[in-house]
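Spelled out, the chains give:
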Amino acid sequence: CEPYPIVFGKRLSGIKYAGMVHHIDDVLGKSSVKHSWYFRRLKRKLQKLDMIVTVSSFWKMYLENTGCKNVKVIYNSFDPGAYAISKASVAEFKKKYGIPSDKHLIYIGNASRQKGAYEVYEALRDENYFLVMSGPQNHAPDLPVKYLKVDHSEYLSLLAASSVVITFSKMIEGWNRIAHEALLCGTPVIGSGVGGMRELLEGAGQKIVPTPDGLKPAVKEVLQNRNELAEKGKSFVSKFDMNYFRNAWLDAMDELLKT
């Protein structure tokens, strides 16, 4: 969410107010006196809203435990048709970036310590995989892992080209867009399961690995059952399309206006 309007906005009488929360960074909230004040005020303001929409059951429970009322879950949604990446696009992508065809391509997510890139590399460094990380900026330049800065179209080709996608985030995730989009591309996912990511991976029947020492055997297991996991995952996330998203929001707003 963009919390500033919630924190600093003024409420007018006779108007219903709803807030959208993707996640709340409690680590940041403890980083300074200023942040502590800001996040305390945010939570007090959230308690006074007429409705809050969030992206997973994890955050629904979190918000309810802070005293928030009328919390609804509307899952992140995408157009599944936009993720039908052709074999030709995958082949062109691999050729352009020199990705070998005789090794499994493992996408390890954003080139960032917070997203678990270092732990994934250490766990898989001795395996014969081709590791790739991406992002707008390389925050892990010391890792001997191929870094790509690509546009959205090539990013989808990267997801589709991968044998496995690993989302080993250490942050308390709201959901996890990389995992969701990878599954739409037909690629199985291994994740840390932190925050709302767990609900996504459990619903999609994917592998949850909470500690780095479980990554190596998990990758081997997923590769052996790749087709089954990919099909199961794609079937689950395809339910969250634009039709679902539109109807869920219309129902929520209809309920809000009737209260």
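Caption draft 1: Representation of the overall build of the chain within the structure. Within the chain one finds 12 helices and 9 strands. In terms of C-alpha radius of gyration, the chain reaches 20 Å, essentially the compact-globule figure of 18 Å for 259 residues. Structurally, the chain occupies a C-alpha span of about 65 × 40 × 30 Å along its principal axes. Considering only contacts in the chain between residues 6 or more positions apart, those separated by 24 or more positions represent 65%. Of the roughly 13400 Å² of accessible surface on the chain, a fraction of 53% belongs to carbon and sulfur atoms. For the chain, the separation between the mean place of its 36 positive charges and that of its 27 negative charges on side chains is 6 Å.

Caption draft 2: Structural detail: the sheet that holds strand S6 (residues 146-148). Overall, parallel pairing links the 6 strands, which are arranged S6-S5-S4-S7-S8-S9 in an open sheet. On the outer flanks of this sheet lie S6 and strand S9 (207-208), each paired with one strand and no other. Relative to strand S5 (residues 129-134), strand S4 (residues 104-110) runs parallel, the two sharing 5 bridges. The residue bridging Leu105 from the neighbouring strand is Phe130, located in S5.

Caption draft 3: How the structure looks around the environment of Ile208. Note on placement: Ile208 falls in strand S9. By relative accessible area, Ile208 is classed as partly exposed at 21%. When the C-alpha atoms of Ile208 and Ile190 are compared, they prove to be 5.8 Å apart, with 18 residues separating the residues in sequence.

Caption draft 4: View of the sheet that holds strand S1 (residues 18-21). Strand order in the open sheet formed by 3 strands is S1-S2-S3, and the pairing between neighbours is parallel. At either end of the open sheet lies a strand with only one pairing partner, and these are S1 and strand S3 (71-73). Averaged over all pairs of adjacent strands, the angle between their axes in this sheet comes to 25 degrees, without regard to strand direction. Here S1 pairs with strand S2 (residues 51-54) via 4 bridges, running parallel. Counterpart to Gly19 in the pairing with S2 is Ile52.

Caption draft 5: Spotlight on the nonpolar core. Formed by 35 residues in total, the largest nonpolar core has its most connected members in Tyr107 and Leu159. For this core, the secondary-structure elements that each account for two or more residues are helix H5 (87-96), S4, S5, helix H7 (152-161), helix H8 (177-184), helix H9 (197-203) and helix H11 (226-237). Here this core takes 6 residues from H7, the largest share from any one element. Discounting residues that sit within four places of it in the chain, Tyr107 has contacts with Val132, Met133, Ser134, Tyr155, Leu158, Leu159, Ser162, Val164, Val165, Ile166 and Ile178. Formed by 26 residues, the second largest nonpolar core is a distinct cluster that contains Leu131, Ile190, Ala218 and Val219.

Each value, and the rule that gives it
Residues numbered from 1 in each chain as written. Predicted model: local features only at pLDDT ≥ 70, side-chain atom pairs only at ≥ 80, totals over all residues. Heavy atoms only, no water. Helix = DSSP H or I, 4+ residues; strand = E, 2+ residues; numbered from the N terminus. Rg over C-alpha atoms; globule rule 2.2 N^0.38 Å. Contact = heavy atoms within 4.5 Å. Areas by Shrake-Rupley, 256 points an atom, 1.4 Å probe, with all protein chains shown as cover. Lys, Arg positive; Asp, Glu negative; His and termini not counted. Charge placed at Lys NZ, Arg CZ, Asp CG, Glu CD. Pairing = 2+ DSSP bridges. Buried < 20%, exposed > 50% of the residue type's maximum accessible area, 1.4 Å probe, protein only. Axes fitted to C-alpha atoms, helices over the stretch in contact; angles between N-to-C directions. Core = buried A, V, L, I, M, F, W, Y, C linked by side-chain atoms within 4.5 Å.

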